Amino acid sequence: MYPFREGSFAVRNAWYVAAFARDVGRALVSRIILNQPVVLYRKEDGVAVAVGGRCPHRHFPLGASCLRGDTIVCGYHGIAFGADGACVDIPAQAHVPRSYRIPTYPLVEHGMWLWIWMGDAAANPALLPDLDDIGFTTPGLYPEPLFTHEVACRYQLLNDNLLDLSHLAFLHSSSIGTIENARTPETVTQEPRVLRSRRYIRDCEPTPAMARRGVTGLVDQVVGMDFHLPGLHAGIGDHFVATGDAESWGEPLARSRPFHAITPSTPTSTYYFFGIATMDPDHAERSAKFLAPVIDEDIFASVEIEKMIALVGGNPPELMIKSDHNAVLGRRMLQAMMDAEAREAATA
Amino acid sequence: MYPFREGSFAVRNAWYVAAFARDVGRALVSRIILNQPVVLYRKEDGVAVAVGGRCPHRHFPLGASCLRGDTIVCGYHGIAFGADGACVDIPAQAHVPRSYRIPTYPLVEHGMWLWIWMGDAAANPALLPDLDDIGFTTPGLYPEPLFTHEVACRYQLLNDNLLDLSHLAFLHSSSIGTIENARTPETVTQEPRVLRSRRYIRDCEPTPAMARRGVTGLVDQVVGMDFHLPGLHAGIGDHFVATGDAESWGEPLARSRPFHAITPSTPTSTYYFFGIATMDPDHAERSAKFLAPVIDEDIFASVEIEKMIALVGGNPPELMIKSDHNAVLGRRMLQAMMDAEAREAATA
Amino acid sequence: MYPFREGSFAVRNAWYVAAFARDVGRALVSRIILNQPVVLYRKEDGVAVAVGGRCPHRHFPLGASCLRGDTIVCGYHGIAFGADGACVDIPAQAHVPRSYRIPTYPLVEHGMWLWIWMGDAAANPALLPDLDDIGFTTPGLYPEPLFTHEVACRYQLLNDNLLDLSHLAFLHSSSIGTIENARTPETVTQEPRVLRSRRYIRDCEPTPAMARRGVTGLVDQVVGMDFHLPGLHAGIGDHFVATGDAESWGEPLARSRPFHAITPSTPTSTYYFFGIATMDPDHAERSAKFLAPVIDEDIFASVEIEKMIALVGGNPPELMIKSDHNAVLGRRMLQAMMDAEAREAATA
């Protein structure tokens, strides 16, 4: 489906964020990931697990059920499943067949996220984004999970948004963007499963948000995004005193590492997990207040585009521009990963 | 459609409840039954009738029209139809063609219900459930109509619910169920167009609802459901003092006959008419208060399952268990009735 | 689609009302017309224009963007388009390719409306309804735009409504109709692209609305509608003192020219622009209050019929009556125009 080849939905053999780690405890959490129902919870030993969300008896949503120790007891007829997916109790009969089970999905707590592997291939921990590489462990920066949204659009619209930060200059012109976000050329580097983009902006006006914080002089900026395919965009947003100010030159005004995890739900809906690391150890509430309208702008744009695609139908033609280079690379890398999976599936 | 053969929707040559008798008077009542628009009303002589709900002129809903004596006057252009379906007035012309008519459907007041026959075969009054057999006339029990719901699920999910009362132990564990509803073996007897199931539960803890009413000792229970195919489930829920109490042994603590009428509306929506007979002649308000959340649990489960089927698509595989015996029989009997109708239609 | 031949949606090479002229200014107005996204606005010189509503870069709705002088600056990545559709700025690159453009649509201010031409053929100003002919310039009558509705039905249901005013006798029996609207024979005259119908009603009871205004004697009425195909119904509603009152005979009690512009949006939604001219120069507020429930009755009927068509599916059979003569002619004229366009498209 747009913007991919007909029949290509999403990469399957990969880690996607299923939830922020702090949001999963002893209450069952329901998700639809890659069009499959999933339930998340923590066992009594604190380990988070993911199992299929559909009772194989009558399709009752297991997420609407409850826990008895580490087993999910289906809320309809009481059939119980362990965290390993095996049925451990069928109240209406003594014998529990070995074949009676629900799927389980590898789930790994890594950084501030729970990562799920939905594919048929063996889960590969080496494919988890490196926490140092994504800036999660940057000294002096404090990461906080902020928002979990279910967005009514196909996931690639959110990826497209993050793969082309020239949009900061317009969609976010009242907060985090200036015209330089569009005008400054971008550096793009492509690695296996990682696509990095950077803009080095010199001697520019402060962003509206910085100006509201009292910054008046010119600023140097580093703005970038590393797409760790297929599901995480790790950003960089650093502001320094520009060379014009001899005394404070290079002094950091603000540094941040925004983390955007984009997880396909249904063909036209997506989970968007947003968090950010800043220099303030206690910034969660302030960041949430400041960034909620910014992320809402991205969601607005993506949902409106989904509606537009529904209206015009099919695969609407696009007129590409130079700044699409990064987005086009990102789409091609995703398409190549999906094609490789399709070839493997055809061989098997 | 699930859980039936592709192309099988519902039995047509049969009586379904269209409304509680008390709910149909001189105001037009709109229904969609077996995917057909229907209007119900009482004539001036008090007899309830059912006619097609679409004006054949411009498809205006006749249920949004009004009555003039016993004729429906279409609210759009005033074309009027008698209770026999014949057009009696076309305001814009003197001549009314004989062919100008709307369908009529046999409608019978029987028990506290109005029963409609939507099929092409001749309506057969012998197929109406026998009021003695369903417990409607049980001496000392007073039937009351309680709820009319339009439920956003295919009808068989509500049938499945009623054909497997082991769910009382879990879905209704805070009110009318105990674990014995799942553990106790079930007796099933199959007759032409009737499927009966019973659980005789001895020396069990009172249900949470009974306990809240002050019952402390052990209880004997008879819990059952008679499915009068295709549209009525007549239940039995009797509680007696158990043998442990020599003095009061066998004394009835509570007796009830719940009546669940399940009528297919569209392929993914269903009317659910619920009433109950209890030992209290004046129980309507109390029963409604007590049973509203119980029925809502059944509706919740059924609607959630409908959503799950929509998500996973098609005919999701099911892992059957022993207590499905009754539900499987009920489904097979319905499928056999639909197959027989399809064969007759093919012959004709 | 119903009631037209399969594959026929709407006439394209024609003028449709896109908005009341007063409702388009310097704020962008989004419309979906003939299933295409459109944006309307006035240039700094006051001239209203219409351009495509989808940014060809990433499909962002241009109607959710903003104006810079006469250019629309896309709210997502800042790509800017002039009123002539040509791209004038791509912030992220110096070069703007000539091929980078959005569609433009001829838009003409005429009467109190803005008329749009969505078809591929050259826009033909001669096809705009003549303002004298439609009664817009009638001396002593003052036209006012009143309502803009998006109605959840296919456009022909609103046309059908206006092509058969016998419905006044029933749908509007509490306000502007009497039984004579259905009983009185209609005069129909067919011209190229215009279909006129009139009812001359003599010595009739005043309408309920007239009666509420204190009119007690008998009334003569002229009630009619001129369908200027495919998108405007210009009505006439004149009430005079009837012959019975020798003294005041023929004195106008009320004269009005209602204007109903019906513009196809999506296959199952339609814009309905309603305005009216009356004898009172300052009637806007009073007319809006009086006519809002009347127009709502028409919308109710049309939306209910759309639901009924969705329920019964496909092309439901209709039983025609004599008073359908005008509606049938209107449908045939529209079908003929669509057929002619299809032939031309096949030839080209």
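Small disclaimer: the values here were computed from a predicted structure and weren't measured.

Participant: Before we move on, can you summarise the relation of the copies chain A and chain C with the specific residues and values?
Facilitator: Of the transformation superimposing chain A on chain C, the axial component is 0.0 Å and the angular component is 120°, with the fit at an RMSD of 0.0 Å. Taken together, the rotation and translation relating the two chain copies correspond to the operation of a three-fold axis. Closest approach to the rotation axis within chain A is made by the C-alpha atom of Ala310(A), at a distance of 11 Å.

Participant: Could you give an account of the environment of Ala301(C), with specific residues and numbers?
Facilitator: Among the secondary structure elements, Ala301(C) is positioned in helix α4 (residues 284-312). By relative accessible area, which is 0% here, Ala301(C) ends up buried. Residues Ala301(C) and Val219(C), 82 residues apart in the sequence, show an inter-C-alpha distance of 28 Å. Among all residues touching Ala301(C), those that are not within four sequence positions of it are Phe60(B), Tyr76(B) and Leu171(C).

Participant: Please give an account of the packing of aromatic side chains that cites residues and values.
Facilitator: Tallied over the full model, the rule gives 39 aromatic pairs over all chains. Seen in terms of ring centroids, Phe4(C) and Tyr155(C) are 6.2 Å apart; in terms of plane orientation they differ by 25°. Their pairing is stacked. Here Phe4(C) is found in the segment before β1 (15-20), whereas its partner Tyr155(C) is found in helix α1 (residues 155-163), with 151 residues between them in sequence. Neither Phe4(C) nor Tyr155(C) differs from the other in exposure class; each is buried. Ring pairs connect the aromatic residues Trp113(A), Trp115(A), Phe136(A) and Phe259(A), which therefore count as one cluster. The ring of Phe20(B) has Arg22(B) lying over it, and the distance from NZ or CZ to the ring centre is 6.0 Å. The lysine or arginine in question, Arg31(B), covers the ring of Tyr271(B), its NZ or CZ lying 5.1 Å from the ring centre.

Participant: Before we move on, could you go through the interface of chain A and chain C and cite the residues and values that matter?
Facilitator: With 30 residues of chain A in contact, the opposing surface of chain C contributes 27 residues. When chain A packs against chain C, close to 2,400 Å² is buried across both sides, 66% of that on carbon and sulfur atoms. One can count two salt bridges joining chain A with chain C. Between Glu318(A) and Arg58(C) there is a salt bridge, with its nearest N and O atoms 3.4 Å apart. Where chain A meets chain C, there are twelve residue pairs in polar contact (both at pLDDT 80 or more). For the side of chain A that touches chain C, the secondary structure elements donating two or more residues are α1 (155-163), α2 (180-183), α4 (284-312) and α5 (325-347) of chain A. At eight residues, α4(A) tops the list of elements feeding residues into the side of chain A that touches chain C.

Participant: Which residues make up unusual backbone geometry, and what are the values?
Facilitator: Omega for the bond connecting Tyr2(A) with Pro3(A) falls within 30 degrees of zero, at 0°, which places this linkage in the cis form. When you line up the elements, Pro3(A) lands in the segment before β1 (15-20). Looking along the chain, the bond that leaves Leu229(B) and enters Pro230(B) is cis, with omega of 0°. Position of Pro230(B) among the secondary structure elements: in the loop between β15 (219-228) and β16 (232-241). Even without being a glycine, Arg193(C) presents a positive backbone phi close to 65°. With respect to the helices and strands, Arg193(C) occurs in the loop between β13 (187-191) and β14 (194-204). A relative accessible area of 28% places Arg193(C) in the partly exposed class. Phi angles above zero are rare outside glycine, and Asp203(C) is one such case at about 50°.

Participant: Lay out the sheet that holds strand β10 (residues 107-110) of chain A in plain terms, naming residues and giving numbers.
Facilitator: Residues and elements named next belong to chain A. The strand order across the open sheet formed by three strands is β1-β11-β10, and the pairing between neighbours is antiparallel. Each edge of the open sheet is held by one strand with a lone partner, namely β1 and β10. Averaged over all pairs of adjacent strands, the angle between strand axes in this sheet comes to 35°, irrespective of strand direction.

Participant: Please set out the interface of chain B and chain A residue by residue, giving values where relevant.
Facilitator: With 31 residues of chain B at the contact, the number on the chain A side is 27 residues. Buried surface at the junction of chain B and chain A, summed over both partners, amounts to about 2,400 Å²; 65% is from carbon and sulfur atoms. Here Arg58(A) and Asp324(B) are joined by a salt bridge, their closest N and O atoms 3.2 Å apart. Where chain B packs against chain A, one counts twelve residue pairs in polar contact (both at pLDDT 80 or more). For the side of chain B that touches chain A, the secondary structure elements donating two or more residues are α1 (155-163), α2 (180-183), α4 (284-312) and α5 (325-347) of chain B. It is α4(B) that contributes the most residues to the side of chain B that touches chain A, eight residues altogether. In terms of residue class, the side of chain B that touches chain A is built from 19 nonpolar, four polar and eight charged.

Participant: Break down the UniProt feature "domain: Rieske" (unreviewed entry) in chain A for me, with residues and values.
Facilitator: Annotation from UniProt places "domain: Rieske" (unreviewed entry) at residues 15-116 of chain A. In residues 15-116 of chain A, helix accounts for 0% and strand for 43%; the two terminal C-alpha atoms are 5 Å from one another.

Participant: Can you lay out the environment of Glu150(C) for me, pointing to particular residues and giving the numbers?
Facilitator: All names here are of chain C. Mapped onto the fold, Glu150 is located in strand β12 (residues 142-151). Spatially, the C-alpha atoms of Glu150 and Ser265 are 8.5 Å apart, while their sequence positions differ by 115 residues. Leaving out residues up to four positions away in the same chain, Glu150 has contacts with Thr270 and Tyr271.

Participant: Any chance you could break down the domain arrangement of chain A for me, citing the residues and the numbers?
Facilitator: Residue and element names in this part refer to chain A. One can read the domain layout of chain A as domain 1 (15-117) and domain 2 (133-347). Each of domain 1 and domain 2 has a C-alpha centre, and the two are 33 Å apart. Contact residues are listed per partner, giving 18 residues for domain 1 and 24 residues for domain 2. Taken over both partners, the interface formed by domain 1 and domain 2 buries close to 1,600 Å², and the fraction arising from carbon and sulfur atoms is 70%. Where domain 1 touches domain 2, the interface holds zero salt bridges. Connecting domain 1 to domain 2 are five residue pairs in polar contact (both at pLDDT 80 or more). Contributions of two or more residues to the side of domain 1 that touches domain 2 are made by β1, β2 (29-33) and β11 (113-117).

Participant: Before we move on, can you summarise the side chain of Thr278(C) with the specific residues and values?
Facilitator: Residue and element names in this part refer to chain C. Of note, Thr278 is situated in strand β18 (residues 270-278). Accessibility expressed as a relative area gives 12% for Thr278, which makes it buried. A polar contact of 3.3 Å, which involves the side chain of Thr278, links it to the backbone nitrogen of Asp280. Leaving out residues up to four positions away in the same chain, Thr278 has contacts with Gly140, Leu141, Tyr142, Arg255, Ser256, His283 and Ser287.

Participant: How would you sum up the state of the cysteines? Please name residues and give values.
Facilitator: Residue and element names in this part refer to chain A. For the coordinates displayed, the defined rule picks out zero disulfides over all chains. Cys66 carries a free sulfur, and the closest cysteine sulfur to it, the one in Cys74, is 9.5 Å from it. Of all cysteine sulfurs in the structure, the one in Cys55 sits closest to Cys87, which takes part in no disulfide; the separation is 8.2 Å.

Participant: Tell me about the pattern of salt bridges, residues and numbers included.
Facilitator: Overall, the coordinates contain 63 salt bridges over all chains when judged by the stated rule. Glu306(C) is the partner of Arg154(C) in a salt bridge, and the nearest nitrogen-oxygen pair spans 2.8 Å. On the criterion of sequence distance, the pair formed by Arg154(C) in the loop between β12 and α1 and Glu306(C) in helix α4 is long-range, its members being 152 residues apart. Taking relative accessible area as the criterion, Arg154(C) reaches 9% and is therefore assigned buried. Put simply, Arg58(A), Asp160(B), Glu318(B), Asp324(B) and Arg331(B) are held in one network by salt bridges that share partners.

Participant: Outline the nonpolar core, supporting the account with residue identities and numerical values.
Facilitator: Residue and element names in this part refer to chain B. Of all hydrophobic cores here, the largest spans 101 residues; its most connected members are Leu40, Trp113, Ile116 and Tyr272. With eight residues, α4 is the largest single contributor of residues to this core. Look past the residues within four positions of Leu40 in its chain and what remains in contact with it is Ala18, Ala19, Val24, Ala27, Leu28, Val29, Arg31, Val49, Ala50 and Leu107.

Participant: Describe the pairing of strand β2 (residues 29-33) of chain C, and please don't skip the residues or the numbers.
Facilitator: All names here are of chain C. The two faces of β2 differ: Val29, Arg31 and Ile33 on one face are buried, but Ser30 and Ile32 on the other face are not. With five bridges joining them, β2 and strand β3 (residues 36-42) adopt antiparallel strand pairing. Following the sheet pairing, Ile32 is matched in β3 by Pro37. The antiparallel pairing of β2 with β3 creates a hairpin that spans two residues between the two strands, and Leu34 there sits at a positive phi of about 50°.

Conventions and cut-offs
- Residues numbered from 1 in each chain as written.
- Chains lettered and ligands numbered in written order.
- Predicted model: local features only at pLDDT ≥ 70, side-chain atom pairs only at ≥ 80, totals over all residues.
- Heavy atoms only, no water.
- Least-squares fit on C-alpha atoms with pLDDT ≥ 70 in both.
- Helix = DSSP H or I, 4+ residues; strand = E, 2+ residues; numbered from the N terminus.
- Buried < 20%, exposed > 50% of the residue type's maximum accessible area, 1.4 Å probe, protein only.
- Contact = heavy atoms within 4.5 Å.
- Phe/Tyr/Trp six-rings, centres within 6.5 Å; stacked < 30°, edge-to-face > 60°.
- Lys NZ or Arg CZ within 6 Å of the ring centre and 35° of its normal.
- Buried area = accessible area lost by both parts, 1.4 Å probe.
- Salt bridge = Lys/Arg side-chain N within 4 Å of Asp/Glu carboxyl O.
- Polar contact = N/O pair within 3.5 Å; in protein donor to acceptor, adjacent residues only side chain to side chain.
- Pairing = 2+ DSSP bridges.
- Axes fitted to C-alpha atoms, helices over the stretch in contact; angles between N-to-C directions.
- Nonpolar A, V, L, I, M, F, W, Y, C, P; charged D, E, K, R; others polar.
- UniProt positions renumbered as here; feature names shortened; annotations may be inferred.
- Domains from an automatic or database assignment.
- Disulfide = S-S within 2.5 Å.
- Core = buried A, V, L, I, M, F, W, Y, C linked by side-chain atoms within 4.5 Å.

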